[in-house]
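# Secondary and tertiary structure notes
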Amino acid sequence: MKKVAVLGAGSWGTALSIVLSDNGHDVRLWTHRKEQAELINSTHKNEHYLEIMIPEKIVAFHDMKEALQDVDVVLIVVPTKAIREVCLQLEANLTHQPVIIHATKGIEPGTLKRVSQMIDEEMPSVQYEDIVVLSGPSHAEEVAMRQPTTVTVASLNEEYAKISQDLFFNEVFRVYTSNDVIGIELGGALKNIIALGAGISDGLGYGDNAKAALITRGLAEITRLGTYLGANPLSFLGLPGVGDLIVTCTSVHSRNWRAGNLLGKGKQLEDVLEHMGMVVEGVRTAEAAHQFAVAEQVEMPITSGIYAIIHNQKKPKEIVEELMKRDKREEMDDLASLLKNRYAR
Ligand SMILES: NC(=O)C1=CN([C@@H]2O[C@H](COP(=O)(O)OP(=O)(O)OC[C@H]3O[C@@H](n4cnc5c(N)ncnc54)[C@H](O)[C@@H]3O)[C@@H](O)[C@H]2O)C=CC1
Ligand SMILES: O=C(CO)COP(=O)(O)O
């Protein structure tokens, strides 16, 4: 059994702590808010985020140094925006070298970095090759209720991927391994943009045809950008690709879908985000992906349309019209050549 520090006591950090605790591990749940740590320890609930009881064995900490003492594993689960700040603190407080896993889904606007790249930059004591990412179709609400869930852990370090698989694996939480860190991170990050789009589409009153189109052509964009950045295109057919697209584009649990839904109904972004009270990663990731698509001339019309609705106050109906009136083309033209180039010897 391992000692694990979970950094980030939001919905996902709490749900993953429950999986780890169910597996018999010693879980230390760290939060940057002292009153939250006190409340978790006294009530065994994390009410703002999840409506269930937390096993009493899970202890919440406010002092990071204390939480990190002798841990075998550190699981980072804060929003993308907080990754650098938390990693700086982590680096300053670590006196040994635990396995580093992250379960955050986003890309940083401006730098266009993935989360493992940010961890690598802020933590000189950690090798990029050793970082593990956990991603897949996994709403915290269902994981916390022990409902069957499947995810993927990816690392260039095969041993660490297997350690991470063993750490989380149980009869309701099935874990696959992969060595495609880029694909697994990008799948999890980019689907949030499409989930915002699916919510907008539903909010506008469009039906299942429109949503299926968004999911499928969204997957084409994710595969296009991902392959350009070095991912294995097959990863996008897996759990962190198609799997996560389905779960976030079709579920009322999804914060990205819910935020998009309110936008589609005509609400303003600031009001939507205030109403959510939890991170809506697609907002920042849409900015990052749009910047990248423009800079590198990668075709991502849905992503850029969603960016324009969110950040440039474009009317959703106008964007839908623009997308539908784009030039006629073959469905698989560029994707087929992407795959051919990748597998050509
Ligand atoms: N909620 C879910 O079902 C899932 C979430 N994720 C990903 O996990 C990441 C975290 O999401 P959630 O836990 O759902 O978010 P959340 O909004 O429920 O909680 C975020 C937590 O991070 C903390 N935080 C914010 N800024 C911080 C900082 N500077 N330092 C330390 N802590 C800080 C907040 O206090 C809060 O406890 C996101 O990237 C999300 O996409 C991935 C899979 C499932
Ligand atoms: O990533 C998730 C499920 O796999 C959670 O999505 P939301 O952040 O949209 O709630």
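Summarised in this report is the structure supplied together with it. (Residues numbered from 1 in each chain as written. Chains lettered and ligands numbered in written order. Predicted model: local features only at pLDDT ≥ 70, side-chain atom pairs only at ≥ 80, totals over all residues. Heavy atoms only, no water.)

## Quick word on the overall build of the protein chain
To keep things clear, this is the line we draw: Only DSSP runs of H or I with at least four residues qualify as helices, and only runs of E with at least two residues qualify as strands; both kinds are numbered from the N terminus onward. Within these notes, the globule rule equals 2.2 Å times the number of residues to the 0.38 power, and the radius of gyration is based on C-alpha atoms. Remark: exposure states derive from per-residue accessible area (1.4 Å probe, protein chains only) relative to the maximum for the residue type, with buried under 20%, exposed over 50%, and partly exposed in between. Residue exposure ignores everything except the shown protein chains as possible cover, and the areas themselves are Shrake-Rupley values with a 1.4 Å probe. Counting rule for charge: Lys and Arg are taken as positive, Asp and Glu as negative, and neither His nor the chain ends is counted. A charge is said to be at NZ when it belongs to Lys, at CZ for Arg, at CG for Asp and at CD for Glu.
A tally of regular secondary structure across the protein chain gives 16 helices and 10 strands. Here the protein chain has a C-alpha radius of gyration of 20 Å; the compact-globule value for 345 residues is 20 Å, and the two agree. The burial tally for the protein chain puts 56% of its 345 residues in the buried class. A total accessible area of about 15,800 Å² is found for the protein chain, and carbon and sulfur atoms account for 51% of it. For the protein chain, the separation between the mean place of its 35 positive charges and that of its 46 negative charges on side chains is 4 Å.

## Considerations on the sheet that holds strand β8 (residues 132-135)
Remark on secondary structure: sheet strands pair via backbone hydrogen bonds, oriented parallel or antiparallel. Note the following rule: We call two strands paired when DSSP finds no fewer than two bridges between them. Helix axes use the C-alpha atoms of the stretch in contact, all axes being lines fitted to C-alpha atoms, and the angles between their N-to-C directions lie in the range 0 to 180 degrees. For this analysis, residues touch if any pair of their heavy atoms sits within 4.5 Å.
The mixed open sheet is built from eight strands, whose spatial order is β5-β2-β1-β6-β7-β8-β9-β10. Strands at the two margins of the open sheet, each flanked by one partner only, are β5 (59-61) and β10 (173-178). Taken pair by pair, the neighbouring strands of this sheet meet at an average axis angle of 25°, ignoring direction. Here strand β2 (residues 26-30) pairs with β5 via three bridges, running parallel. Across the sheet, the residue bridging to R28 is V59, located in β5. Each of β1 (3-7), β2, β6 (73-76), β8 and β10 touches helix α1 (residues 11-22); the most contacted strand, β2, lies at about 170° to it.

## Quick look at helix α12 (residues 269-276)
Here is the rule: To be clear, the arc concerns the directions from the helix axis to the C-beta atoms.
Of the residues making up α12, those classed as buried are L269, V272 and M276. Along the long axis of α12, the arc covered by the buried residues comes to 65°, so they all point the same way. Summarising the geometry of α12, the exposed residues directed more than 90 degrees from the buried face are E270, E274 and H275. Check the buried side of α12 and you find it contacts α11 (255-264), α13 (282-296) and α14 (301-311). Of the residues one or two after α12, G277 is the one with positive phi, at around 65°.

## Digging into the site of ligand 1
Basically, it comes down to this: Being near a molecule or strand, for a residue, comes down to having at least one heavy atom within 4 Å of it. Whenever two N or O atoms come within 3.5 Å, that pair is a polar contact, provided that in protein one can donate a hydrogen and the other can accept it, and provided that, for residues adjacent in sequence, both atoms are side-chain atoms. A 1.4 Å probe that fits into a set of points on a 1 Å grid over the protein atoms alone but cannot get out defines a cavity; an open set with protein on both sides within 12 Å along at least five of seven lines defines a pocket, and lining residues are those with an atom within 4 Å of a point. If over half the atoms of a molecule are within 2 Å of the grid points of a cavity or pocket, the molecule is regarded as sitting in it.
Surrounding ligand 1, one finds 24 residues, the nearest of these being S11, K105, A140, R255 and E281. Taking K105, its main chain carries an N or O atom lying 2.9 Å from an oxygen atom of ligand 1. Between ligand 1 and R255 there is a distance of 2.9 Å, counted from an oxygen atom to a side-chain nitrogen or oxygen. One can see that ligand 1 is located within the largest pocket. Those elements that place two or more of their residues in the shell around ligand 1 are α1 and α4 (83-93).

## Some words on the layout of surface pockets
A water-sized probe, rolled over the atoms, reveals where empty space remains. We apply this condition: Grid points are joined across faces, edges and corners, and a volume is the space filled by probe spheres set on the points. Following the grouping adopted for this structure description, the nonpolar residues are Ala, Val, Leu, Ile, Met, Phe, Trp, Tyr, Cys and Pro, the charged ones are Asp, Glu, Lys and Arg, and the polar ones are all others, Gly among them.
Computed from the structure, the largest pocket encloses a volume of approximately 870 Å³. Contributing to the lining of the largest pocket are 40 residues, with V77, V78, P79, R255 and V279 lying nearest its centre. In terms of residue class, the lining of the largest pocket is built from 14 nonpolar, 18 polar and eight charged. Lining the second largest pocket are 27 residues, with A213, R217, I302, L323 and M324 positioned closest to its centre. The element best represented in the lining of the second largest pocket is helix α9 (residues 208-228), accounting for seven residues. A class-by-class count of the residues in the lining of the second largest pocket yields 16 nonpolar, two polar and nine charged.

The analysis is restricted to geometry; functional conclusions fall outside its scope.
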